[in-house]
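Listed here are the chains, written in short residue letters.
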Amino acid sequence: QVQVVESGGGLVQPGGSLRLSCEVSGNIRAISAMAWYRRARGNERDLVASITEDGTLYYLDSVKGRFTLSRDNAKNTTYLQMGSLKPEDTATYYCVAYLVPAGKTDYQSLWGQGTLVTISS
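Just so it is clear, the model here is predicted, and its values are computed rather than measured.

A.B. asks: Is there a simple way to think about the overall build of the protein chain in this case?
C.D. replies: In terms of regular secondary structure, the protein chain is built from zero helices and 11 strands. Each helix and strand of the protein chain, ordered N terminal to C terminal, gives the series β-β-β-β-β-β-β-β-β-β-β. A compact globule built from 121 residues should have a C-alpha radius of gyration of about 14 Å, and the protein chain, at 14 Å, falls within 12% of that. The proportion of buried residues among the 121 residues of the protein chain is 40%. A separation threshold of at least 6 residues defines the contact pool for the protein chain, and within that pool the share at least 24 residues apart is 56%. Surface summary for the protein chain: the accessible area is close to 6700 Å², and the carbon and sulfur share equals 43%. Both charge centroids of the protein chain, one from 12 positive and one from 11 negative side chains, sit 3 Å from each other.

A.B. asks: Where do I start with the nonpolar core in this structure?
C.D. replies: Soluble, globular proteins show a tendency: their nonpolar side chains are buried together. With 27 residues, the main nonpolar core has Val 24, Met 34, Trp 36, Phe 67, Leu 80, Met 82 and Tyr 93 as its most contacted residues. Secondary-structure elements contributing two or more residues to this core are strand 3 (18-25), strand 4 (28-39), strand 5 (45-51), strand 7 (67-72), strand 8 (77-82), strand 9 (91-101) and strand 11 (115-119). The element contributing the most residues to this core is strand 9, with five residues.

A.B. asks: What should I look at first to understand the sheet that holds strand 7 in this one?
C.D. replies: Each strand in a sheet pairs with its neighbour through backbone hydrogen bonds, running either in the same direction (parallel) or in the opposite one (antiparallel). Sheet architecture is open: four strands sit in the order 1-3-8-7, paired in antiparallel fashion. Bordering the open sheet on either side are strand 1 (3-7) and strand 7, each of which pairs with just one other strand. Across the sheet, the mean angle separating the axes of adjacent strands is 15° when strand polarity is ignored. When strand 7 meets strand 8, the two strands line up antiparallel, connected through six bridges. The residue of strand 8 that forms the bridge with Arg 71 is Thr 78.

Rules behind the numbers
Residues numbered from 1 in each chain as written. Predicted model: local features only at pLDDT ≥ 70, side-chain atom pairs only at ≥ 80, totals over all residues. Heavy atoms only, no water. Helix = DSSP H or I, 4+ residues; strand = E, 2+ residues; numbered from the N terminus. Rg over C-alpha atoms; globule rule 2.2 N^0.38 Å. Buried < 20%, exposed > 50% of the residue type's maximum accessible area, 1.4 Å probe, protein only. Contact = heavy atoms within 4.5 Å. Areas by Shrake-Rupley, 256 points an atom, 1.4 Å probe, with all protein chains shown as cover. Lys, Arg positive; Asp, Glu negative; His and termini not counted. Charge placed at Lys NZ, Arg CZ, Asp CG, Glu CD. Core = buried A, V, L, I, M, F, W, Y, C linked by side-chain atoms within 4.5 Å. Pairing = 2+ DSSP bridges. Axes fitted to C-alpha atoms, helices over the stretch in contact; angles between N-to-C directions.

Written as structure tokens, this is what we have:
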């Protein structure tokens, strides 16, 4: 069974750093893009950052210069390094992978359960 599992959330003071990880496990034929979204309480889910198979990156304007997304294709894992964190970064962060499971031919999106990031003093 293919799964997407996030880790690394927690409570951090303003100005601090966190690294989120997202691992895709199971039998997979291919993974194209992977991305991180976040949803703050009462808000819609926003795209924070994404990375394609060839490494093309996208960042939400409000996180540019503070967040860095990287990808380890050998481990089917992405890492979201978050720095200079602000209270407004508080949200549940979700990872999504666009992948083809073994035995299939079409890409599908698979979401993780989310990890809570709280920025507070």
